[in-house]
Amino acid sequence: MKKTRQAIACLALLATATAAAAQDWPSRATTVINPFSAGTTTDTVARVVAEGLQKKYGTPFIVDSRPGAGGMIGTTLVARAHPDGSTFGVSIAGPLVHNPLLYKRMAYDPAKDLTPLTLGVHQPCLLIASRELGVKTLPELIDVLKKNPGKYNYSYVGNGSLGHLVITLLANKSGTQIVPVMYAGAVQATTAVMTNEVQMGCLPAQATMAQVRGDKVVPIAVSTAERAALLPEVPALREFYPDIVGSAWMGFVAPGGMPAALAGRISAAIGEVLRQPQVVELLRQQLMEPAPGTPAQFKAFMQEELARWKPVIVDNKITAE
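Computed from a predicted structure; not experimentally measured.

Here helix α4 (residues 93-102) crosses helix α12 (residues 295-315) at 35 degrees, and the two axes come no closer than 9 Å. When you trace α4 past α12, the crossing you get is right-handed. Between α4, through Leu-96, Val-97, His-98, Leu-101 and Leu-102, and α12, the contact on the second element is made entirely by Phe-298, Met-302, Glu-305, Leu-306, Trp-309, Lys-310 and Ile-313. Looking at the contact of α4 with α12 residue by residue, the classes come out as nine nonpolar, one polar and two charged.

Put into structure tokens, the structure is as follows:
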């Protein structure tokens, strides 16, 4: 009985200390890891949040860009950090959801080595076509593809990327054959469509908007569930194929093992920044829609994403190795 009382007392003290640590955050400089290069959309979101948190708390929030391996190097650094709130990061679907299906070995297990904090933003991929293809709508595009199986190519930026998965699913649903051609980045992949090196691509909207506005490529559809506010005339893919919905989302994660109280405090702080009207407007101008929530909601969302895309990856034998 005495040992039981001692154990209960120890647990109570630990809970009190954990709660106190959560209330004290941030007590020192905090590193926000961006797993891609400076100037990318993840960098933009990381800096918006870091600047907002620094202004709120008066302590430094430093964005550290650690690109490589499709975002896995930076995300690994988050996973290996101490779960005391001094390090958290932004990441995307690949390192957080898809990659365990694409790689035989990874340096971390997203489900065990990371603590979900909050979904950050949704961003559409934009299905675009070369002007030389002569189509303006999705039904027209599908008609051309059906009449010419295997003749036309599409650009994408990596196996398992959202654009790769969306067009793979579109081909499956429409009964068409489109040849994939990989490019080093979204800019190069967009340029390839513009020059008719390939005939289409489903690429991050931010990377394609200049060509769309310059009438150099044809916008066919967006991948998100709803039409984009800056492209209201462009339909969503789900208006034609209800099962095709995909967001180039970004979310915030912390090292695994972070106490729930601390994760909740950081999540709430990030959400407060992302809900500020000036931040919402800034991100919407870059075709990003803020979507903060709780750690539990973000965890559930990632599980939904895994269920959505696992059959596409497995059934089409998509790998990154």
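So, about the sheet that holds strand β5 (residues 125-130). Strand order in the open sheet formed by five strands is β7-β6-β8-β5-β9, and the pairing between neighbours is mixed. This sheet does not close on itself; its edge strands, each paired only once, are β7 (179-182) and β9 (217-222). Here the strands of the sheet are splayed against their neighbours by 30 degrees on average, with no regard to which way each runs.

For strand β10 (residues 250-255), the tally of buried residues reaches six of six residues, placing the bulk of the element in the interior. Examined bridge by bridge, strand β3 (residues 87-92) and β10 share four bridges and lie antiparallel to one another. When the bridges of β10 are listed, Ser-91 appears paired with Gly-251. Both strand β4 (residues 114-122) and β10 contribute to a ladder of six bridges, which runs antiparallel. Bridge pairing links Thr-118 to Phe-252 in β10.

For the rest of this paragraph, the subject is the environment of Val-280. Following the sequence through the fold, Val-280 ends up in helix α11 (residues 277-284). Under the relative-accessibility criterion, Val-280 is labelled buried at 15%. Measuring from C-alpha to C-alpha, the distance between Val-280 and Arg-66 comes to 26 Å, with 214 residues separating the pair along the chain. Not counting residues up to four positions away in its chain, the partners in contact with Val-280 are Leu-274, Arg-275 and Pro-290.

The omega torsion across Trp-25 and Pro-26 is -5 degrees, close enough to zero to call that bond cis. Along the chain, Pro-26 falls in the loop between α1 (2-24) and β1 (30-34). Unusually for a residue other than glycine, Ala-69 sits at a positive phi of about 55 degrees. Relative to the assigned elements, Ala-69 resides in the loop between β2 (61-65) and α3 (72-80). By relative accessible area, which is 46% here, Ala-69 ends up partly exposed.

Definitions and limits used
Residues numbered from 1 in each chain as written. Predicted model: local features only at pLDDT ≥ 70, side-chain atom pairs only at ≥ 80, totals over all residues. Heavy atoms only, no water. Axes fitted to C-alpha atoms, helices over the stretch in contact; angles between N-to-C directions. Helix = DSSP H or I, 4+ residues; strand = E, 2+ residues; numbered from the N terminus. Left-handed = near helix turned anticlockwise from the far one by under 90°. Contact = heavy atoms within 4.5 Å. Nonpolar A, V, L, I, M, F, W, Y, C, P; charged D, E, K, R; others polar. Pairing = 2+ DSSP bridges. Buried < 20%, exposed > 50% of the residue type's maximum accessible area, 1.4 Å probe, protein only.

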